[in-house]
Amino acid sequence: NVFRIKTNYLPPQTVLNKIADARPQGVLINDYKLDLDLGKVVLGGNAGTRNLLLEFKKNLEKNPDITSVTIPISNFETESNLEFEISFEFMLNDQK
């Protein structure tokens, strides 16, 4: 169904802008994987401190289009210069 494809389309830039808005200074994103068909996102990067990583998670959770924000506990093993992976789901147009 062509109509379903069009309503389900989400431009990658929409997701990337939401991520950029949520990212605090001191958190660097080195790579990302976007599955726009399923609305799944995985980010990898570095955070200056645990608090910055937690702030990033909380900022993502504040966005009503983002759900299921997950950071593995192993990402918090050090106090500073944390390598992290964070995953979440992005609501597609037809899910709203």
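A brief structural summary. Quick caveat: nothing in here was measured; it's all calculated off a predicted structure. (Residues numbered from 1 in each chain as written. Predicted model: local features only at pLDDT ≥ 70, side-chain atom pairs only at ≥ 80, totals over all residues. Heavy atoms only, no water.)

Some details on the side chain of Asn-75
- Here Asn-75 lies in the loop between strand S3 (66-70) and strand S4 (80-90).
- Taking the relative accessible area as the measure of exposure, Asn-75 reaches 10% and is therefore buried.
- Among the polar contacts made by the side chain of Asn-75, one reaches the main-chain amide nitrogen of Glu-85 at a distance of 2.7 Å.
- In contact with Asn-75, not counting residues within four places along its chain, are Leu-53, Leu-82, Glu-83, Phe-84 and Glu-85. (Helix = DSSP H or I, 4+ residues; strand = E, 2+ residues; numbered from the N terminus. Buried < 20%, exposed > 50% of the residue type's maximum accessible area, 1.4 Å probe, protein only. Polar contact = N/O pair within 3.5 Å; in protein donor to acceptor, adjacent residues only side chain to side chain. Contact = heavy atoms within 4.5 Å.)

Some thoughts on the pairing of strand S2 (residues 40-49)
- The pairing of strand S1 (residues 27-35) with S2 spans eight bridges and is classified as antiparallel. Considered in S2, the bridge of Asp-31 is made with Gly-44.
- From the end of S1 to the start of S2, which pair antiparallel, there are four residues, and Gly-39 there has a positive phi angle of about 75°.
- Pairing between S2 and S4: nine bridges, direction antiparallel. Within S4, the position partnered with Lys-40 by the bridge is Glu-89. (Pairing = 2+ DSSP bridges.)

Section: the sheet that holds S2
- One open sheet accounts for four strands, arranged S1-S2-S4-S3; its pairing is antiparallel. What marks the edges here is a single partner per strand, and that holds for S1 and S3. Strand-to-strand twist across the sheet, computed as the mean angle between neighbouring axes with direction ignored, equals 20°.
- Pairing between S3 and S4: three bridges, direction antiparallel. (Axes fitted to C-alpha atoms, helices over the stretch in contact; angles between N-to-C directions.)

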